[in-house]
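What follows is the residue order along each chain.
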Amino acid sequence: MKERIKEILSRGPSEEVLVVDGWVRTKRDSKNVCFLEVNDGSVVKGLQVVIDKASFNNDELLSSVTTGTAVECTGRLVASQGGAQSVELALSKLDVVGPCPADYPLQKKRHSIEFLREIAHLRGRTNMIGAAMRVRSSLAYAIHSYFQDRGFTYINTPLITTSDCEGAGETFQVTTLDLEAPPRKEDGSVDYSKDFFGKKASLTVSGQLEGETYALALRDIYTFGPTFRAENSNTTRHLAEFWMVEPEMAFCDLDGDAEVAEDFLKHIFSYVLEHCSSDMDFFDSFVLKGNIDTLRHVIETPFARMTYTDAIAELEKVNSRFEFPVHWGSDIQTEHEKFLTEEVCHSPVIVTDYPKEIKAFYMKQNDDGRTVRGMDVLVPRLGEIIGGSEREADYDKLLGRIRELGLEEKDYWWYLETRRFGSVPHSGFGLGFERAVQYVTGIANIRDVIPYPRYVKSAEF
Ligand code: ATP
Ligand code: MN
């Protein structure tokens, strides 16, 4: 494999003749020399190529090289005269691999992030999206290696589901029925027995329930895959298609779950700081100042622990500051989350034991009859980054909650069975992968941390 610019930039000056491939980002021309910045996407700052025009003596070729042109440059690495880089390539031969006409949309000027979304097929060539994708890739690697190194089994839960029992959000229906003229039952309703799966199907909103069944077989598992929510919300934090990481551990209570969540976040954040330092420096300089310090703080500080009840007591003291004042029983929203982590704890905080009414049916019920063993991990600047819980392991209590909430009991037959056959305490959590990429990069909008975002009214490319 040919050497990438990232590796070439870490070399010192030498007599060796190198061949460097990439795309021209900028060209600076003067009377005697021409500078090209050539980038191949392996690193945020490309290689400076210096052309001595007198000896090169091919103005026609040089003038055909414009921003976006794919080139192959042959030359030697020399110590750079300018301060911005330690080495540069003294060019001896230049080949145009692919020309780039003047209507190339990514000219040198800075483009708005909204414009770049309209040219998502090209935006990976910009510094910011390129860096975001490299960090995203490293973060995925760090997530896999965290769990793999600790003996977790990677489980692929299904993307198509017919159980409609995750209850986490609006689902996308999957059907092969003719939407113009679907088969109907006698009462006029759509006859899903004629549909592909013989019943109504949709895309998954979470792999958790299936993940649990495999934790109760293999002990420690994790999922890492796409999830789909037909969220009709135009926010900077919601996509219709996003990736989720969901570890699940058998013989593990909520304290154990919280310990893993803290250790896991610290691990993946440290990993990107260490392995993506030039991209992270770029984000810190151009996207969100102070971002690296925030991450370091999260890595270095022990996470605080606080019950929901104590959190509400803290929030009630300053209720007048909030757009949505709280009381015991209300949901903790982003403004409250930020206050708790930034101003009460001055560190990340794990809030536990929420009222059962505001949490999902599967969470373990506490003896007080009012709260469940759920947890949210809150971090400065963002609020919730992880949600998790100890799951209800008791068959009767789980069934009771399903009935109380009026859920379809028959849909949960397989989930309930795992509580009859060797049920054990087990816990897990979910991390929205794009939210994690957003957090480490400081990129404001979730649509810019995934190659091709899908959201309401938008599924281009
Ligand atoms: P939110 O309140 O932000 O909508 P949620 O409570 O619906 O989140 P969960 O059902 O707990 O979220 O999902 C687990 C994780 O998945 C969340 O903590 C979040 O990081 C991520 N997530 C949820 N919905 C989306 C979405 N539409 N786009 C991207 N990530 C999401
Ligand atoms: Mn949601």
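Here, every reference points to the structure presented above.
Residues numbered from 1 in each chain as written. Chains lettered and ligands numbered in written order. Predicted model: local features only at pLDDT ≥ 70, side-chain atom pairs only at ≥ 80, totals over all residues. Heavy atoms only, no water.

Peer 1: Can you explain the nonpolar core? Please cite residues and give values.
Peer 2: Side chains that are nonpolar tend, in soluble globular proteins, to be buried together. With 57 residues, the main nonpolar core has Phe-264, Leu-265 and Ile-385 as its most contacted residues. Broken down by element, the residue count for this core peaks at 11 residues, all from helix H7 (residues 254-275). With residues near it in sequence (within four places) discarded, Leu-265 still touches Phe-303, Val-377, Ile-385, Ile-386 and Leu-431. Counting residues in hydrophobic clusters, the runner-up holds 22 residues, among them Leu-36, Phe-56, Val-65 and Val-87. (Core = buried A, V, L, I, M, F, W, Y, C linked by side-chain atoms within 4.5 Å. Buried < 20%, exposed > 50% of the residue type's maximum accessible area, 1.4 Å probe, protein only. Helix = DSSP H or I, 4+ residues; strand = E, 2+ residues; numbered from the N terminus. Contact = heavy atoms within 4.5 Å.)

Peer 1: An account of the pattern of salt bridges is needed here, citing residue identities and associated values.
Peer 2: Scanning the entire structure with this criterion turns up 29 salt bridges. Salt-bridge contacts for Glu-404 lead to Arg-401; the nearest nitrogen and oxygen are separated by 2.4 Å. Of the two residues, Glu-404 and Arg-401 are both situated in helix H12 (residues 395-404); the distance of 3 residues between them amounts to about one turn of the helix. The closest approach of N and O atoms between Lys-410 and Asp-411, which form a salt bridge, is 3.9 Å. Relative accessible area serves as the criterion here: at 59%, Lys-410 is assigned to the exposed category. Salt bridges sharing common partners tie together Glu-212, Glu-248, Arg-391 and Arg-419. (Salt bridge = Lys/Arg side-chain N within 4 Å of Asp/Glu carboxyl O.)

Peer 1: Could you give an account of the packing of helix H10 (residues 308-316) against helix H11 (residues 334-345), naming the residues involved and the relevant values?
Peer 2: H11 packs onto H10 with a crossing angle of 85 degrees between their chain directions and a minimal axis gap of 11 Å. Put simply, H10 runs roughly perpendicular to H11. Contacts between H10 and H11 involve Ala-311, Glu-314 and Leu-315 from the first element and His-336, Phe-339, Leu-340 and Val-344 from the second. Partitioned by chemical class, the residues of the contact of H10 with H11 number 5 nonpolar, 1 polar and 1 charged. (Axes fitted to C-alpha atoms, helices over the stretch in contact; angles between N-to-C directions. Parallel < 35°, antiparallel > 145°, perpendicular 65-115°, else oblique. Nonpolar A, V, L, I, M, F, W, Y, C, P; charged D, E, K, R; others polar.)

Peer 1: How would you explain the side chain of Lys-53 if you had to name every residue and give the values?
Peer 2: Among the structural elements, Lys-53 can be located in helix H2 (residues 53-56). Once residues within four sequence positions are removed from consideration, Lys-53 is found in contact with Asp-29, Ser-30, Lys-31, Asn-32, Val-33, Cys-34, Asp-59 and Leu-62.

Peer 1: Can you break down helix H5 (residues 127-149) residue by residue, with the values?
Peer 2: In this model H5 runs 32 Å from its N-terminal to its C-terminal C-alpha over 23 residues, within 8% of the 33 Å that 1.5 Å per residue would give. One or two positions beyond H5, positive phi appears at Gly-151, with a value near 80 degrees. (Expected span 1.5 Å × (residues − 1).)

Peer 1: For the sheet that holds strand S2 (residues 33-39), give the residues involved together with the corresponding values.
Peer 2: Strand order in the closed barrel formed by 5 strands is S1-S2-S3-S5-S4, and the pairing between neighbours is mixed. Strand-to-strand twist of the sheet, defined as the mean angle between neighbouring strand axes without regard to direction, takes the value 55 degrees. Across 6 bridges, the pairing between strand S1 (residues 17-29) and S2 is antiparallel. Bridged to Trp-23 within S2 is Asn-39. (Pairing = 2+ DSSP bridges.)

Peer 1: Please give an account of the pairing of strand S11 (residues 241-250) that cites residues and values.
Peer 2: Within S11, 8 of the 10 residues are buried, leaving the element largely enclosed by the surrounding structure. Pairing of strand S10 (residues 220-228) with S11 involves 9 bridges; the strand directions are antiparallel. The residue of S11 that forms the bridge with Thr-223 is Glu-246. By the bridge criterion, 5 bridges tie S11 to strand S16 (residues 426-432) in an arrangement that is antiparallel. Across the sheet, residue Ala-250 finds its bridge partner in S16, namely His-426.

Peer 1: Can you lay out the site of ligand 1 for me, pointing to particular residues and giving the numbers?
Peer 2: For ligand 1, the full set of nearby residues is Arg-229, Glu-231, Arg-237, His-238, Leu-239, Phe-242, Met-244, Glu-384, Gly-432, Arg-435 and Ile-446. Glu-384 places a side-chain nitrogen or oxygen 3.4 Å from an oxygen atom of ligand 1. Between Arg-435 and ligand 1, the recorded distance is 3.0 Å, taken from a side-chain N or O atom to an oxygen atom. Here ligand 1 has 580 Å² of accessible area as a free molecule, and 77% of this is covered by the chains. The residue makeup of the shell around ligand 1, split by class, is 4 nonpolar, 2 polar and 5 charged. (Near = heavy atom within 4 Å. Polar contact = N/O pair within 3.5 Å; in protein donor to acceptor, adjacent residues only side chain to side chain. Areas by Shrake-Rupley, 256 points an atom, 1.4 Å probe, with all protein chains shown as cover.)

Peer 1: Describe the sheet that holds strand S7 (residues 160-161), naming the residues involved and giving the relevant values.
Peer 2: The strand order S7-S9-S8 describes an open sheet built from 3 strands, whose pairing is antiparallel. Either end of the sheet is taken by a strand with one partner, and the two such strands are S7 and strand S8 (173-174). As paired strands, S7 and strand S9 (residues 201-203) are joined by 2 bridges and run antiparallel to one another. Bridge pairing links Thr-161 to Ser-202 in S9.

Peer 1: Go over the pairing of strand S5 (residues 87-98), please, and point to the residues and values.
Peer 2: Across 2 bridges, the pairing between strand S3 (residues 47-52) and S5 is parallel. Each residue of the ladder has a partner; that of Val-50, found in S5, is Ala-90.

Peer 1: Run through the environment of Phe-196, naming residues and quoting values.
Peer 2: Locating Phe-196 in the fold gives a position in the loop between S8 and S9. A sequence separation of 158 residues divides Phe-196 from Tyr-354, and the C-alpha atoms of the two residues are 40 Å apart.

Peer 1: I'd like a rundown of helix H8 (residues 277-286), residues and numbers included.
Peer 2: Those residues of H8 that sit buried are Asp-279, Met-280, Phe-282 and Phe-283. Along the axis of H8, the buried positions cluster into a sector of 155 degrees, meaning they face one direction only. The inward-facing, buried residues of H8 abut H5, H7, helix H9 (291-300) and helix H14 (433-441). (Arc of directions from axis to C-beta.)

Everything listed is a geometric property; what it means functionally is a separate question.
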